[in-house]
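Chain by chain, the residues:
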Amino acid sequence: MIQINQVEKRFGNVKALDRIDMEIQKGSIYGLVGSNGAGKSTLLRLIAGVYSPDSGSVSVESEKIFENPERKQRVFLVSDEPYFIGQYTLHNMADFYCRFYPKFNVALYKELCELFHLPADKKIATYSKGMKRQSAFLLGLSTMPDYLLLDECFDGLDPVKRQVVRKVLSDAMAERQMTAIISSHNLRELDEICDTVGILHKGDLLYSKQLDDLKGEVHKIQVVFSADISEEQLARTVSLMSYQATGRFLTLIAKGSLPEIEERLDLLEPLALEALPLTLEEVFLYEMEVKGYDANVIFR
Ligand SMILES: Nc1ncnc2c1ncn2[C@@H]1O[C@H](COP(=O)(O)OP(=O)(O)OP(=O)(O)O)[C@@H](O)[C@H]1O
């Protein structure tokens, strides 16, 4: 498990992280979302032990990570700007990593090269941006980390490659309880991959929750009543997050368990009632609006 307690990190007079508390369970795929400058890379670098916090603590399996070579061996950070040596091919990079990571898994590396269809004998400098990101990901995974930190490395991957990444990550989790943290600007990209999501905004962790819990808590319901029902009346009936009316045809977003919401709305004798699925993006949007944040600022 990764434990982050009251972590603060400043760069000069910029407070990149402001007393963050967070726990990331072993074996989970945690999505870290936030706009530019929210503090995602800083947080990942603190977890990887690249930075030390100005105050608070970052622990991996109950030991502080900074200046802890043994713990650092178990964490691998794939940077948002992956670094490859000058004229190296992917195979050259794999040989390089082999020297520094005793657990580097050559069989897995070769399997991943085939899965991603990467020309491993060509210079990485000639690869596209997406190919470089895939290369950094597969090299990182081949070092067999217990904790793989991925800084925006899926942004811009096509849907087929995202599926491959998802499968490879879930295999690693099933086989050896690997934990992954993926940062992104894009909730949609994380929806399919992650089981837990946290939102960072201007150095604050606004939210951290398991997706199943989150999606089970917020519901979109279309309902038609025979009589006029006011917003106030609805708000007294259910925990109303949003409300739109077109005549007597209402679309509401409500919080709570779905059977309970439906039962309560039934008391108002609707002519028709239907619950519709919400995307993760919509759920966050409503949650953030209720908390008084402008979701358009957070997710752009
Ligand atoms: N090495 C540094 N020196 C000075 N300021 C920094 C440094 N690293 C980060 N910052 C500042 O800390 C804040 C958080 O930056 P960070 O890179 O963690 O955000 P981010 O969420 O990863 O952003 P992006 O999505 O744009 O990559 C920003 O205001 C940034 O300018």
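Everything numeric here is computed off the predicted structure, so don't read it as measured data.

## Some thoughts on the pattern of salt bridges
Side-chain pairing between opposite charges can occur once the charged atoms of the two side chains come close.
Line of reasoning, step 1. One pass over the full model with this rule turns up 14 salt bridges.
Line of reasoning, step 2. For Arg71, the salt bridge identified is with Glu70, shortest N-O distance 3.5 Å.
Line of reasoning, step 3. Look at Glu70 and you get partly exposed, because its relative accessible area is 48%.
Line of reasoning, step 4. The residue Arg248 makes a salt bridge to Asp228 at a minimum N-O spacing of 3.2 Å. Separated by 20 residues along the polypeptide, Arg248 in the loop between strand 12 (239-246) and strand 13 (249-255) and Asp228 in the loop between strand 11 (218-225) and helix 9 (231-237) bring together distant segments of the chain.
Line of reasoning, step 5. Residue class for Arg248 comes out partly exposed when judged on its relative accessible area of 42%.
Line of reasoning, step 6. Taken together, the shared-partner salt bridges in this structure form one network comprising Lys26, Glu61, Arg74 and Asp146.

## Looking at the site of the ligand
Line of reasoning, step 1. Close to the ligand lie 14 residues, the nearest being Gly37, Lys40, Ser41, Thr42 and His185.
Line of reasoning, step 2. Contacts to the ligand include Gly39, whose backbone N or O atom sits 2.9 Å from an oxygen atom.
Line of reasoning, step 3. When the free accessible area of the ligand is taken as 640 Å², the share hidden by the protein chains comes to 64%.
Line of reasoning, step 4. The set of elements that each furnish at least two residues to the shell around the ligand consists of strand 2 (14-24) and helix 1 (40-47).
Line of reasoning, step 5. Its residues placed into classes, the shell around the ligand shows five nonpolar, seven polar and two charged.

## Observations concerning the confidence of the model for the protein
Line of reasoning, step 1. On average, residues of the protein score 89 in pLDDT, and 97% of them are at 70 or above.
Line of reasoning, step 2. With pTM at 0.85, the complex prediction returns an ipTM value of 0.97.

## Description of the pairing of strand 10 (residues 204-210)
Line of reasoning, step 1. Across six bridges, the pairing between strand 9 (residues 196-201) and strand 10 is antiparallel. Bridge pairing in strand 10 places Leu200 opposite Leu205.
Line of reasoning, step 2. A loop of two residues connects strand 9 with strand 10, the two strands running antiparallel in sequence, and Lys202 in this loop sits at a positive phi of about 50°.

About the cut-offs
- Residues numbered from 1 in each chain as written.
- Predicted model: local features only at pLDDT ≥ 70, side-chain atom pairs only at ≥ 80, totals over all residues.
- Heavy atoms only, no water.
- Salt bridge = Lys/Arg side-chain N within 4 Å of Asp/Glu carboxyl O.
- Buried < 20%, exposed > 50% of the residue type's maximum accessible area, 1.4 Å probe, protein only.
- Helix = DSSP H or I, 4+ residues; strand = E, 2+ residues; numbered from the N terminus.
- Near = heavy atom within 4 Å.
- Polar contact = N/O pair within 3.5 Å; in protein donor to acceptor, adjacent residues only side chain to side chain.
- Areas by Shrake-Rupley, 256 points an atom, 1.4 Å probe, with all protein chains shown as cover.
- Nonpolar A, V, L, I, M, F, W, Y, C, P; charged D, E, K, R; others polar.
- pLDDT = per-residue confidence, 0-100.
- Pairing = 2+ DSSP bridges.

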